[in-house]
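Descriptive structure summary
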Amino acid sequence: MAISEPKSAHLREVLLFAFNWKKSASEAHRMLEEVYSDHALSKSQCYRWFKKFQSGDFELDNEPHGKPPQKFEDAELQALLDEDSTQMQEQLAKQLQVSQGHDNHDDLKQWTGRYTYEQMKKMAEEVWIDHLAHPQ
């Protein structure tokens, strides 16, 4: 008989059962892997739940994650990102009227205008990471 994919809440209940049965996080993880194989929680997830139980918190609901707050201080840039958070660095640079050039002395790219190349690169990376974490 094949075992169907378990719900996350069920796996957390199994972890709490193992914790109350005085099993270690490693033992609980091995039990989950033995029963659910690929559908088991990762070892690090088991350790995080056990740490939570050890602190006296037996609430089995996941903490709400939501979108992480963005760290941009420029209102104009924030408005563009709110409109479309998947924009790439080049698109943002055009919309903000920032030009890209080369510094002949150290051969590093540099932005002329309101943002440095490093600022735009960091903003674009944060948007891209956010896009990967929360695809639309």
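Residues numbered from 1 in each chain as written. Predicted model: local features only at pLDDT ≥ 70, side-chain atom pairs only at ≥ 80, totals over all residues. Heavy atoms only, no water.

Taking an unreviewed UniProt entry as the reference, the protein is identified by name as Mos1 transposase HTH domain-containing protein belonging to Cordylochernes scorpioides.

**So, unusual backbone geometry**
Notably, K22 is not glycine yet its phi reads approximately 65°, a positive angle. Tracing the backbone through its elements, the reader meets K22 in the loop between helix 1 (8-20) and helix 2 (25-36). Within the chain, S37 stands out as a residue other than glycine whose phi angle is a positive 40°. With respect to the helices, strands and loops of the structure, S37 is situated in the loop between helix 2 and helix 3 (43-54). (Helix = DSSP H or I, 4+ residues; strand = E, 2+ residues; numbered from the N terminus.)

**Observations concerning the packing of aromatic side chains**
Within this structure, the stated rule accounts for seven aromatic pairs. Ring geometry for F19 versus F58: centroids 6.0 Å apart, planes at 50°, classification tilted. Residue F19 is found in helix 1, and its partner F58 is found in the loop between helix 3 and helix 4 (75-83); the two are separated by 39 residues along the sequence. Among the residues examined, F19 registers a relative accessible area of 18% and is labelled buried. Judged by its relative accessible area of 42%, F58 falls in the partly exposed class. Taken together, the ring pairs connect F19, W49, F50, F53 and F58 into an aromatic cluster. It is K23 that lies over the ring of W21; its NZ or CZ is 4.8 Å from the centre. (Phe/Tyr/Trp six-rings, centres within 6.5 Å; stacked < 30°, edge-to-face > 60°. Buried < 20%, exposed > 50% of the residue type's maximum accessible area, 1.4 Å probe, protein only. Lys NZ or Arg CZ within 6 Å of the ring centre and 35° of its normal.)

**Describing helix 1**
Residue pairs spaced three or four apart in an α-helix point in one direction, given the helix's 3.6 residues per turn. Counted at 1.5 Å a residue, the expected span for helix 1 with its 13 residues is 18 Å, and the 19 Å between its end C-alpha atoms agrees. Within helix 1, burial applies to L11, R12, L15, L16, A18 and F19. For helix 1, the angular spread of buried residues about the axis comes to 160°, placing them on one side. Packing partners of the buried residues in helix 1 comprise helix 2 and helix 3. Looking at the residues trailing helix 1, positive phi occurs at K22, about 65°. (Expected span 1.5 Å × (residues − 1). Arc of directions from axis to C-beta. Contact = heavy atoms within 4.5 Å.)

**Examining the packing of helix 1 against helix 2**
The interhelical angle for the contact between helix 1 and helix 2, taken along N-to-C directions, is 135°, at an axis separation of 10 Å. In terms of orientation, helix 1 and helix 2 fall into the oblique class. Every pair of crossing elements has a handedness; the one defined by helix 1 and helix 2 is right-handed. Residues H10, L11, V14, L15 and A18 of helix 1 form the contact with helix 2, whose own contacting residues are A28, M31, L32 and Y36. (Axes fitted to C-alpha atoms, helices over the stretch in contact; angles between N-to-C directions. Parallel < 35°, antiparallel > 145°, perpendicular 65-115°, else oblique. Left-handed = near helix turned anticlockwise from the far one by under 90°.)

**Some thoughts on the environment of S4**
Looking at the element boundaries, S4 is found in the segment before helix 1. Looking at S4, the relative accessible area reads 59%, which means it is exposed. Between the C-alpha atom of S4 and that of H39, which follows or precedes it by 35 residues, the distance is 9.1 Å.

**Some details on the pattern of salt bridges**
What the rule picks out here adds up to one salt bridge. Residues K52 and D57 are paired through a salt bridge, measuring 3.9 Å at the closest nitrogen-oxygen approach. Since its relative accessible area comes to 15%, K52 is described here as buried. Residue D57 is classed as partly exposed on the basis of its relative accessible area of 29%. (Salt bridge = Lys/Arg side-chain N within 4 Å of Asp/Glu carboxyl O.)

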